[in-house]
Amino acid sequence: MSRVVYLTTPIYYINAAPHLGHACTTIFADAMARWRRLAGDDVFFLTGTDEHGDKIAQAAAKAGVTPRALADANSAAFREAWRQLGITNDDFIRTTEPRHAAVVQQILQTLYDAGEIYLGTYGGHYCYGCERFYTEKEIVEGACPDHRTPLAWIEEQNYFFRMSKYQEWLVGLIHERPDLIRPERYRNEILGFLRDPLHDLSISRPRTRLEWGIPLPFDDRYVTYVWFDALINYVSALGPLDGARHRKYWPHVEHLIGKDILKPHAVYWPCMLKAAGLEVFQRLNVHGYWGLGGGKMSKSVGNVVEALALKDTYGNDAFRYFVMREMVFGLDADFSEEAFVGRLNADLANDLGNLVSRATTMIVNFGGGRVPAAGVSAGSATADAWRKALADATAAMEEFAFHRALAAVWEFLGVVNRYIDTTAPWQLAKSPERRSELDAVLFTLAQALHGLGIVLAPFLPEAASKLRAALGQAGVPTLADAAWGRLAPGTTVAKLPALFPRVERATGATPSSNRPPTARGEHASPATTGQTPLVTMADFGKLDLRVAKVIAAERVPKSKRLLKVRVALGTEERTLVAGIAEHYAPEALVGRSVVIVANLEPATLMGIESQGMILAGSVEGTLAVLTPERDLPPGAKVT
Ligand code: MSP
């Protein structure tokens, strides 16, 4: 059944050029918008720019231009980046547009009239860089925790929103709607934050200090605080609050944000909506942060990955794929060009590109370039694998788990690649009496490619449309068309040899100074001997070691060494791939408590994503997994 979906990205500050982080959120949103449209939904997809505040005013003054001129130029850079990345947003909102200011002022006036806003005095440690006050608790050695610069003590009269009175209501709402904030770790983080008293929110800045903002409608000596201004973009983009577009889309809003702006979205925003008499958003979907070489990407360090550099070097689809496959939605990920090239070669050139090339070539060479009329039962193993991939990808997309949706499709690619190896159509083609067997195989391959050409479209739009063109398909497909067997016998098929050419090595399209070495895949490796460098407590503290309970274990097919292990970790379950099959029978592990590294970057081993590592000691061929000496609940931290 078709649904209405309103999907938003954060509106980006225009003081930085679009980089990997901005592109990541925008690509996630774009893939989701495309997926929902494919499913037949009525989608409205919004992105935009956040243009008020000190930083812009200061940068404009420095450049000798007006804030508006700077805002126009920098906002255009975002719009252009998204155009080049093929982003299919339906609207682009700027906080400097009159349509936005009108709604901000309307909401402020409503809240003021209802007594939700009052004038008070505020004194605090202020960072001009962050445009915000810091509490005593947050300050690091007297300085801003982010910029490391001294803070200024500012005391001034400001308007406050009575946010504190919504604390109990908000906690109740989060309990009532378990998927309001997801993944769960962020819901827990907010519930933890709400255990302390919630304060009223200062929502104005005196114009004497800051001119570049939206004036308060009831006191023009003040402008609106940037967050109060920015969050309202999600509403203002839909036009008047009593208009048709608002009524249609607002009840279906899904926000997508990075974890850095969790608090304003999960705390301020629902309270603001409630006070203004507007419905609270349906869900807040939160992804983690991209780092570089284990550290933060930052303009000042000069290691920012430009949004367009990778796309220019490797192509748009490869960039999209890497972002969505490498980052486990909700967790942080580390960027390296080596990992990017690794995925491009293994997943796109090998698994997908080779399959498409082999299958289309065989249909052309052995089948005369047409889908044979073969009576293959819909119950074939490949058809079953396709149905499973479709169901798994659909379920994953419901949770914004883009990495899992792609993993499900890639599992299917593995099935089809093995199907070709075992059926060996080139052998069948040698014996005319085996024609019907050959036709059955070619028919199956054509159906597999047809399904892939549809389901991959939201993720790899260019490759998917090439694939559909090679199968003689025109027009806009729907997810229902991806059902097995929908490609009609007799359809012409053309060879598609180089969907994703292999790349020999990283070109250095991204900053190299912080490029980390890629050490992927080796789990439960034996202890090293000899000199190892000393680590600090801070280094050690980066590891998240946890007690986990094994709930299932099985051998990884075709591997001597690997076990696939499912563990419970308190609030969640994980799948781990461990190199311990030569030392433990799977059934001997079930029920045991083990210790795992819970924040290890996921790695794919034999097609299975390992979401952590089981700790084990080993000496001369004897290996033992670590086990807590007393009973501890799953999830207990190991320090
Ligand atoms: N203007 C505010 C948001 C207002 S929304 C009502 C803002 N802008 S921002 O330009 O700083 O963008 C922050 C967002 O960009 C993050 O929430 C995330 O979506 C994306 N990212 C920026 N850097 C990122 C990474 N290093 N990694 C992943 N995403 C990141 O905050």
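Residues numbered from 1 in each chain as written. Predicted model: local features only at pLDDT ≥ 70, side-chain atom pairs only at ≥ 80, totals over all residues. Heavy atoms only, no water.

## Remarks on the sheet that holds strand β7 (residues 181-182)
To summarise the sheet geometry, strands pair through backbone hydrogen bonds and adopt either a parallel or an antiparallel arrangement. Ordered in space as β3-β2-β1-β12-β13-β7, the six strands form an open sheet in which the pairing is parallel. This sheet does not close on itself; its edge strands, each paired only once, are β3 (91-94) and β7. Note that strand β1 (residues 4-13) and strand β12 (residues 253-258) share three bridges and pair parallel. From the neighbouring strand, L7 faces β12, where its bridge partner is E254. In the packing of helix α1 (residues 20-38) onto the sheet, contacts are made with β1, β2 (42-50), β12 and β13 (283-287), and the angle to β1 comes to roughly 165°. (Pairing = 2+ DSSP bridges. Helix = DSSP H or I, 4+ residues; strand = E, 2+ residues; numbered from the N terminus. Contact = heavy atoms within 4.5 Å. Axes fitted to C-alpha atoms, helices over the stretch in contact; angles between N-to-C directions.)

## Here we look at the side chain of T382
Within the fold, T382 resides in helix α14 (residues 381-398). Setting aside its immediate chain neighbours within four residues, T382 contacts F412, V416, Y419, T444 and W484.

## Re the nonpolar core
Ranked by size, the top nonpolar core spans 111 residues in total, and within it L352, F402, W410, F459 and L460 carry the most contacts. Counting residues per element, this core draws most heavily on helix α13 (residues 337-367), which supplies twelve residues. Residue contacts for W410: discarding those within four places in its chain leaves Y321, D347, L348, D351, L352, L456 and L460. One finds I190, L198, I232 and L273 within the second-largest nonpolar core, a separate group that totals 62 residues. (Core = buried A, V, L, I, M, F, W, Y, C linked by side-chain atoms within 4.5 Å. Buried < 20%, exposed > 50% of the residue type's maximum accessible area, 1.4 Å probe, protein only.)

## Considerations on α14
Along its 18 residues, α14 runs 26 Å from first to last C-alpha, staying within 8% of the 26 Å computed at 1.5 Å per residue. Residues T382, A383, A385, W386, A389, L390, A393, A396 and M397 constitute the buried set of α14. Projected onto a plane normal to the axis of α14, the buried residues spread over an arc of 160° and lie on a single side. In this structure, the buried residues of α14 make contact with α1, α15 (402-423) and α17 (435-455). (Expected span 1.5 Å × (residues − 1). Arc of directions from axis to C-beta.)

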